[in-house]
Amino acid sequence: MPSSAQRPEPPYRQIVAEIRARILAGDLRPGDRVPSVREIARRWGVAVATATRVMATLRDEGLVETRVGAGTVVGALTGRTRPVVVPPPPGPRRAGVPRQALSRKRTLRAAIAIADTEGLDAVSMRRLAAEFGVGPMSLYRHVSSKEELVTQMTDEVFGEPELPVPGPDGWRARLELISRLQWELCRRHLWLPRAVSLVRPSLAPNVMEHTEWTLRALDGLGLPMTTRIREALTLPALVLSVALSMADEAEAEQETGVTLDRWWLAQRERADELLDSGRFPLLATLTGEEVPDVDGLFEYSLARHLDGFAALVERTRP
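Read on for an overview of the structure. (Residues numbered from 1 in each chain as written. Predicted model: local features only at pLDDT ≥ 70, side-chain atom pairs only at ≥ 80, totals over all residues. Heavy atoms only, no water.)

1. Some details on helix H1 (residues 11–24)
Taking 1.5 Å of rise per residue, the 14 residues of H1 would be expected to cover 20 Å, and the 20 Å separating its terminal C-alpha atoms lies within 8% of that figure. Listed as buried for H1 are Tyr12, Ile15, Val16, Ile19 and Ile23. The buried side chains of H1 occupy one side of the element, clustering within an arc of 100° when seen end-on. Trailing H1 by a residue or two, Gly26 shows a phi angle of about 90°, which is positive. (Helix = DSSP H or I, 4+ residues; strand = E, 2+ residues; numbered from the N terminus. Expected span 1.5 Å × (residues − 1). Buried < 20%, exposed > 50% of the residue type's maximum accessible area, 1.4 Å probe, protein only. Arc of directions from axis to C-beta.)

2. Considerations on unusual backbone geometry
For the bond from Val165 to Pro166, the omega torsion is 5°, close enough to zero to count as cis. Summarising the element assignment, Pro166 is placed in the loop between helix H6 (146–158) and helix H7 (171–188).

3. Topic: the nonpolar core
Among the nonpolar cores identified, the biggest contains 50 residues, and Leu128, Leu149, Met153, Trp171, Leu175 and Trp191 are the most heavily contacted of them. Counting only elements with at least two residues in this core, the list comes to helix H4 (104–118), helix H5 (125–132), H6, H7, helix H9 (205–217), helix H10 (225–256) and helix H12 (294–316). Here this core gets seven residues from one element, more than from any other, and that element is H10. If we skip the residues at most four places from it in the chain, Leu149 touches Leu108, Ala111, Val123, Met125, Leu128 and Val143. Membership of the second largest hydrophobic core comes to 18 residues, among which are Ile23, Ala41, Val54 and Val74. (Core = buried A, V, L, I, M, F, W, Y, C linked by side-chain atoms within 4.5 Å. Contact = heavy atoms within 4.5 Å.)

Keep in mind these numbers describe shape, not what the thing actually does.
Right, dumping it as structure tokens:
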């Protein structure tokens, strides 16, 4: 059996070493973009989880930082002339040096802030511990795992809006209200669509309250509970599916630094070639104004869905 000194390093450490070497050699300078998680996975042929660990390690070492609109870049204090010094793990608390008091609420808000800025993959127990200047084990008094942390983050976010009781008059106005509240949550927290499962729903009180509120909005319509619960799940599914496209676009812009308008300009020649081919005569008549933005797409999808649901309600009336 080979000794520990002869065993190859894990793939993520090898990739970290390559990128670190480029940074310290000055090939990548402060402010330069580094490969994104997707690019690392593709270029080195590793799983996304491995690529995510690479990025987390580089960030923990202070080599990279995330900038909105630019993606992940070499940190301002790194480069050829200022090598990175990796700080040791937090040691025992020194007398007279107070640390930030940990609580479930503060832990969740810190995790949400990281996810809002850098994405859900950037959230880890180690990263949170670094934010508070404590050892990772200190956090386990409040959350037992990354999975539980994400569940509690989701529940915390769903508790942000106050659900009116009883709400506006009419079932349609109420369903519009709850859908738009959830849409605004997804706009503020772009990671949220990936954290919510309608197939394996989390037992999170605030999330469940949204479902309960939607079920109450359908009181008095004579609908069976099976139909009501399906509607209470279909509405958030509609919101989340459109919001996922919004989140993907925001992530692409952050990773590449290319806005959607600039991306379309780059595709113009190829688009003109396809539309001038005669294969797509209807698409060729579009001027661009007919295609809704993501908010317009959400509003259209919600309105047409509720039109269909209204027809169902009418059919069930005695």
